[in-house]
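What follows is each chain in one-letter form.
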Amino acid sequence: MIDINFSEYFIRLEIGAMDDLLIARAVHVIGVVAWFGGVWFVTLVVLPAIRRAEPPERRISAFHRIEGRFAPQAGFWVLLTGASGFWLVGRMDLWWRFADPAYWWMWAMLLVWLVFVLILFVLEPLVIHPLLRGGDPEGRWHRRLQIVHVVLSLAGFVTIAGAVAGSHGWAQ
């Protein structure tokens, strides 16, 4: 129950005992939808469109123009998804699930999240962007970028499918 109290010129929200779990789960699902919706859009639309529209030597710069606007959003959704996921696991004391093979999807969620954190916050700024500044006259990096995005998209798909099915009682 949310109680809004206007006394003393401020609003105080009192959230019931279980409402934080509902809010965290909603935030978690919204974060995953925005995060992987973006990954799949880049994988299935942006990269193929750049490949068809641009000559090899201009593909990486075209990708950077688009990715430069998208990367901060991706980082936000990845961090929000991780924060809400850790909140849910901690609040519900679900750490034991990581020891049970029936909950393989818990490890999958954690590992996919860690891979994206590593890519977005470590590898891209420190390794990938400096490498790509040298150019890509033959389009090799663009092809590699597409392959990596396809692999990450498939990992996300399997993880999301497993988590949805597993959280609704499949294979328990």
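As the structure is a prediction and not an experimental result, all values here were calculated from the model. (Residues numbered from 1 in each chain as written. Predicted model: local features only at pLDDT ≥ 70, side-chain atom pairs only at ≥ 80, totals over all residues. Heavy atoms only, no water.)

Student: When you look at the environment of H28 in this model, what are you seeing that I'm missing?
Tutor: Position of H28 relative to the elements: it lies in helix 1 (residues 19-53). Accessibility expressed as a relative area gives 16% for H28, which makes it buried. The sequence separation of H28 and V78 amounts to 50 residues, and the corresponding C-alpha distance is 9.8 Å. In contact with H28, other than residues within four places in its own chain, are T81, S84, G85, L88 and M109. At 3.0 Å, the side chain of H28 and the backbone oxygen of T81 are in polar contact. (Helix = DSSP H or I, 4+ residues; strand = E, 2+ residues; numbered from the N terminus. Buried < 20%, exposed > 50% of the residue type's maximum accessible area, 1.4 Å probe, protein only. Contact = heavy atoms within 4.5 Å. Polar contact = N/O pair within 3.5 Å; in protein donor to acceptor, adjacent residues only side chain to side chain.)

Student: Honestly, the confidence of the model for the protein in this entry has me stumped. Any pointers?
Tutor: Any segment with low pLDDT has predicted coordinates that should not be analysed in fine detail. When pLDDT is averaged along the protein, the result is 88, and 88% of the positions lie at 70 or above. Mean pLDDT across the elements of the protein ranges from a minimum in strand 2 (residues 12-14), with 50, to a maximum in helix 1, with 95. Long-range and interchain partners of residues 8-13, a stretch whose pLDDT sits below 50, account for 10 contacts in this model, where long-range means more than four residues apart. (pLDDT = per-residue confidence, 0-100.)

Student: Just checking my understanding: could you explain unusual backbone geometry for this structure?
Tutor: Glycine aside, residues mostly have negative phi angles, and peptide bonds mostly take the trans form. Even without being a glycine, D93 presents a positive backbone phi close to 50°. Among the secondary structure elements, D93 is positioned in the loop between helix 2 (56-91) and helix 3 (104-132).

Student: How should the packing of helix 3 against helix 4 (residues 140-167) be read in this particular structure?
Tutor: For the pair helix 3 and helix 4, interaxial distance at closest approach is 9 Å and the crossing angle is 160°. Relative to helix 4, the element helix 3 lies roughly antiparallel. In this structure, helix 3 meets helix 4 at a crossing whose hand is left-handed. Together, W104, W105, A108, M109, V112, V115, F116, I119, L131 and L132 of helix 3 and W141, L152, A155, V158, T159, G162, A163, G166 and S167 of helix 4 make up the contact between the two elements. Taken together, the residues that form the contact of helix 3 with helix 4 break down as 15 nonpolar, 4 polar and no charged. (Axes fitted to C-alpha atoms, helices over the stretch in contact; angles between N-to-C directions. Parallel < 35°, antiparallel > 145°, perpendicular 65-115°, else oblique. Left-handed = near helix turned anticlockwise from the far one by under 90°. Nonpolar A, V, L, I, M, F, W, Y, C, P; charged D, E, K, R; others polar.)

Student: Whenever I open this one, the pattern of salt bridges confuses me. Can you help?
Tutor: A side chain with one charge may pair with a side chain of the opposite charge, provided their charged atoms come close. What the rule picks out here adds up to 3 salt bridges. Measuring nitrogen to oxygen at the nearest pair gives 3.4 Å for the salt bridge that ties R58 to E54. Of the residues examined, E54 reaches a relative accessible area of 17% and is grouped as buried. R140 is paired through a salt bridge with E138; the nearest N and O atoms lie 2.7 Å apart. Looking at R140, the relative accessible area reads 45%, which means it is partly exposed. (Salt bridge = Lys/Arg side-chain N within 4 Å of Asp/Glu carboxyl O.)

Student: Hey, could you run me through the packing of helix 1 against helix 3 in this one?
Tutor: The description of two helices packed together rests on the angle between their axes and the distance between the axes. Interaxial distance between helix 1 and helix 3 falls to 14 Å at its minimum, and their mutual angle equals 55°. Our classification of the angle between helix 1 and helix 3 gives oblique. Classified by chirality, the crossing of helix 3 by helix 1 is left-handed. Listed contacts from helix 3 to H28, W35, F36 and V39 of helix 1 are M109, V112, W113 and F116.

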